[in-house]
Structure formats: C-alpha cells, structure tokens
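# Topology and contacts: notes
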Amino acid sequence: MMSILRHFLHHPASLAVFVRGGLVAGNVAVLLGLAWLLGLDGFGALIVAWGLALVSATVLGFGGPLTLLARLGDGAGMHPRAVIQLCLGLPGLTAAGAFLILRLIWPEMPWAGVLAVAVAVNLASCLASILRVLGSVHLSMALRDGAPLLALGLAGLAQRDPAEILWVTALILGAVCLGVAGLVVRHPHCGTLIGHDKPAGVLTANLWAVAVLGMVLAQIDIIVGGQFLTPEQIGVYALLRRLANLVALPMSVATWVSAGRISAAHAASDAPALQDASDAGARIALLPGLALAGVTLLALPVLSVWLPGLPVPILLVLLGGTLIQLAFAQGMTVATLTGHGHLAAIARLAGVLCYLTPVVLVAPQGAMGNALAYVAGTSLCSALLWLWVLRGMGINTLARPTGRLAWRMS
C-alpha cells in the first residue's frame, strides 16, 4: 500500500488529483455552509433550483463545452463567430424564450434566476474547454468545477432568498468569466485555434445529447426527489450525495489527463495505444477512489456527531454507486472522443429511464428509495456503455488488474 501511495505521489496526475480534491472539498464546505445559513428547509429549496440550473445550462448550451473541446482539441479550430454563438449567443436567446414558457408551466420556480445561472455556468464550461485545449488544465478545472459553487457560496453570504441568491450567483460567475475571457484572448496560441479561416459550424447533435443526458442523470435524483421528499429530507439527501461524490473526484481527473492520449490514439487508429490510454485513466480513477471511500467510512463516527441521526445506510448505497461509476469511468471518455457519442447518449438515456421507472411506478417513499433508484440508473448506464464499447471497438474500459492482482498507476 505504501509503495502504491509513493508511486501515486510522483505520478503526473497527482497534482491534478490534489487540485480536484481541493475543489471538491471546497464545494462540500460551501454546501455545508449554505445548509447552516439557510437551514435545511431553505437549503433544500435552493439545491433543487440549483439542480435545475445545471440541467438548464447543458440544455441551452447546445453541447458547447464538448464541441469546443473536440473541435479545438483535434486541431480543426473554430471561427470566432461560432465560438461566441456557442458560449453566449445561442444560450442567451434560448434562455429568454424558455423563460416565457417555463414560468407558465412551473410558476413557483424562480426561473429568471435559474436561467441566468444556467447561462453563466454554460459560459464557464465553454471557457474551461478552451483553457483545457490551450494547456491550462488546472485553471480549466477550477473554472468549471469550482467557480460556480464558490459564486453560489458568496451569494449565500449576501442574500437569504433563493431567487436573489441565484441572481447574485449569476452576476459573480459572469464577472469571473469576463476576466477569464480576457486571459483566453491574450493567450499566444489562441489565434491558431480560433480564427476567421476556421470552420463556422456550431452544433454537434450527438455531443449535445451526451451532455444533456449526462447532466440530467447527475441531477435527476435531486430534482425529482425534491418533488416527493420534504425540503429537509432533500437537503440532507443532497449533502449525503455530495459526500459520496468526494469519492468520485479522481474520475474527473482521469478524464482530463487521459483525453489527449485517447484522442491521439484514435486519430492514429492505434488500438493498442487506445487501450493503454484507457487503462491508465481507469487506474487514475479507481485507485484513489477506493482510498477515499475508505477514508469516508473511517470518518462515519465523526460525521454522525456532526449530523445526529445520519442516515448511514443511504450514504453507503450512494458510495457503492459511486465506486461502480469509478470502475467503469473510462467508457464515457472513450466513447465521446472516438466518434461513438451516440452510444454514450443511449446509455445515459437508459440510466435516466431506469431511475424514473421505479419512481413513477412504485413511488418510493423516503430518501432510501430515491438513492436505490439513482444508483440503479447510474450503474446501468456505466455497464451498458462498457459492454457496447467492448463489443464495438474491442476496447475494455473497465478498471482491472494489469497482472496477477498487481495494479500499476502508469
């Protein structure tokens, strides 16, 4: 175990893991602070609106972050007008039209604030993709995964009403994005990727579907659960989900670190290199994840003191689901970066339907039913995509030993 730890500390991905860990820990701290400031009832109402904002960001974003990552990453480049349309133009216009409809369908929800946050979050994600291609891996990770919740936390310090918190969040995040956009424009390699001689096409339907269904699957248990759980119950559930997500932090790092190798191997039609890149990413995702799961289990007595009556069984179910996702993590990366985005979209749709089926037919009471349905959906999505990629491409994206029970980090 110590040799694995020493190897990991000297691994090229270790800094990214630590950066990602700091971001996730910061996000958890923000959510705990909001729960303390607003109370579980107020926090529950805010977290449902926040989940809707994140889903709305991917819907009205038209797959912008993934499209920018794919087309700038493979060297094709994009026209400045297309970049502006993806980052701000299309999302802004779509949000304005959606507001007129959504306020009639669901008038109780503060849609103006929700959609304002959605536009800002999509802009942050698009800029993060550009930064990733320009080589600023850690800054891009901080912008995409840290800035939105940091803005939410700062807004929570200034306001108490959920609608007002959302508006202040959008303004803070928009200001951050403005500063980052200035950095991008001044980057010396920006002109080689974004220029008037580059293609002007905008929409990539399969990547949009992958992004939308991925965010729906990530937030559906919060949004739908908020309709049959009390605000206090969904508030506690959301905190448990965030704790379980601590274990998943290496998954995002694995995606960022392995994406370049996977794209290069696919472009060269080098199947062995593609398998090696997938294996490396899988180990980056699973090994630290297992360690974090152990730390979480050891911390249960402390958590129980902090939150009396902590529903430990629910947390264990969510942790189990997270570990399953870690084991199959590379399936999504390989599929989306090798022209098989349709498989990723179908797998995520299957996961969404798997969650909704027991919720609609059985109407589970309590947070445990919600957790079980959610884990079933995410596990089905992961397993289906692994099977389809293995059969269709011959690439095994499941994290597994490289030899006789001997794991390698590289």
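From a predicted model like this one, the values you see are computed outputs, not experimental measurements. (Residues numbered from 1 in each chain as written. Predicted model: local features only at pLDDT ≥ 70, side-chain atom pairs only at ≥ 80, totals over all residues. Heavy atoms only, no water.)

## Here we look at the overall build of the protein chain
Assigned secondary structure in the protein chain consists of 18 helices and 0 strands. For the protein chain, the proportion of contacts with a sequence separation of at least 24, taken over those separated by at least 6, is 80%. (Helix = DSSP H or I, 4+ residues; strand = E, 2+ residues; numbered from the N terminus. Contact = heavy atoms within 4.5 Å.)

## Some remarks on the environment of Gly 63
If you trace the backbone, Gly 63 turns up in the loop between helix H2 (14–59) and helix H3 (64–73). Sequence separation of Gly 63 and Leu 207 is 144 residues, and the distance between their C-alpha atoms is 5.5 Å. Leave out the neighbours within four places in its chain, and Gly 63 touches Thr 58, Leu 207 and Trp 208.

## Some thoughts on unusual backbone geometry
With phi around 55 degrees, Phe 62 is a residue other than glycine that occupies positive phi space. Within the element layout of this structure, Phe 62 appears in the loop between H2 and H3. Phe 62 sits in the buried class, given a relative accessible area of 13%. In the Ramachandran plot, Ser 269 falls in the positive-phi region, its phi being about 55 degrees despite a non-glycine side chain. Topologically, Ser 269 is positioned in the loop between helix H12 (249–267) and helix H13 (271–298). Assessed through its relative accessible area of 67%, Ser 269 is described here as exposed. (Buried < 20%, exposed > 50% of the residue type's maximum accessible area, 1.4 Å probe, protein only.)

## Some words on the packing of H13 against helix H15 (residues 312–327)
Relative orientation of the contacting elements H13 and H15 amounts to 170 degrees, with a least axis distance of 9 Å. Here H15 runs roughly antiparallel to H13, going by the angle between their axes. Contacts from Ala 285, Leu 286, Gly 289, Leu 290, Ala 293, Thr 296 and Leu 297 in H13 reach Leu 316, Leu 319, Leu 323, Leu 326 and Ala 327 in H15. Looking at the contact of H13 with H15 residue by residue, the classes come out as 10 nonpolar, 2 polar and no charged. (Axes fitted to C-alpha atoms, helices over the stretch in contact; angles between N-to-C directions. Parallel < 35°, antiparallel > 145°, perpendicular 65-115°, else oblique. Nonpolar A, V, L, I, M, F, W, Y, C, P; charged D, E, K, R; others polar.)

## Thoughts on the side chain of Ser 56
Here Ser 56 shows up in helix H2. Take Ser 56: its relative accessible area is 12%, and that puts it in the buried class. Apart from the residues lying within four places of it in its own chain, the contact partners of Ser 56 are Gly 61, Trp 111, Val 114, Leu 115 and Ala 118.

## Description of the pattern of salt bridges
Per the stated rule, a full pass over the model turns up 2 salt bridges. The partner of Asp 221 in a salt bridge is Arg 241, and the shortest N-O contact between them spans 2.7 Å. With a gap of 20 residues between them, Asp 221 in helix H10 (residues 205–228) and Arg 241 in helix H11 (residues 231–246) connect regions that are remote in the sequence. Residue classification places Asp 221 among the buried positions, given a relative accessible area of 0%. Here Arg 241 falls in the buried class, since its relative accessible area comes to 7%. (Salt bridge = Lys/Arg side-chain N within 4 Å of Asp/Glu carboxyl O.)

## Concerning the packing of aromatic side chains
Going through the model one piece at a time under the given rule, you end up with 3 aromatic pairs. When the centroid spacing of 4.6 Å and the interplanar angle of 40 degrees are considered together, the rings of Phe 62 and Trp 208 count as tilted. A residue pair is termed long-range when its members are at least 10 positions apart, and Phe 62 in the loop between H2 and H3 and Trp 208 in helix H10 qualify at 146 residues. Ring centres 5.9 Å apart and planes at 65 degrees place the aromatic pair Phe 328 and Trp 386 in the edge-to-face group. Remark: Trp 386 occurs in helix H18 (residues 367–393) and Phe 328 occurs in the loop between H15 and helix H16 (330–337); sequence separation between them is 58 residues. (Phe/Tyr/Trp six-rings, centres within 6.5 Å; stacked < 30°, edge-to-face > 60°.)

## Observations concerning the packing of H16 against helix H17 (residues 341–361)
Where H16 meets H17, the axes come as close as 6 Å, and the angle between the chain directions of the two elements is 140 degrees. In terms of orientation, H16 lies oblique with respect to H17. Listed contacts from H17 to Met 332, Ala 335 and Thr 336 of H16 are Gly 341, Ala 344 and Arg 348. Grouping the amino acids of the contact of H16 with H17 by side-chain chemistry returns 3 nonpolar, 2 polar and 1 charged.

## So, the environment of Thr 230
With respect to the helices, strands and loops of the structure, Thr 230 is situated in the loop between H10 and H11. In this structure Thr 230 comes out as partly exposed when scored by relative accessible area, which is 40%. Taking the C-alpha atoms as reference, Thr 230 lies 9.5 Å from Ala 45; in sequence the two are 185 residues apart.

## Some details on H17
Between its terminal C-alpha atoms H17 stretches 30 Å, which fits the 30 Å expected from 21 residues at 1.5 Å a residue. What H17 keeps buried is the set Gly 341, Leu 343, Ala 344, Ala 345, Ala 347, Arg 348, Ala 350, Gly 351, Val 352, Tyr 355 and Val 359. Tucked inside the fold, the buried residues of H17 contact H10, H16 and H18. (Expected span 1.5 Å × (residues − 1).)

## Examining the side chain of Ser 125
Tracing the sequence through the fold places Ser 125 in helix H5 (residues 111–133). Ser 125 gets classed as buried once you look at its relative accessible area, which sits at 16%. Every residue in contact with Ser 125, bar those within four places of it in the chain, is listed here: Pro 65 and Arg 144.

## Here's the deal with the environment of Phe 228
Here Phe 228 is to be found in helix H10. Relative accessible area serves as the criterion here: at 26%, Phe 228 is assigned to the partly exposed category. Separated by 131 residues in the primary sequence, Phe 228 and Val 359 have C-alpha atoms spaced 9.6 Å apart.

## What about the confidence of the model for the protein chain?
Per-chain confidence: the protein chain averages 83 in pLDDT, with 87% of residues scoring 70 or above. This model gives residues 1–10 a pLDDT under 50, and the stretch forms 9 contacts once residues within four places in sequence are excluded. Taken together, the stretch residues 403–410 has pLDDT below 50 and engages in 19 contacts with residues farther than four places along the chain or on a different chain. (pLDDT = per-residue confidence, 0-100.)

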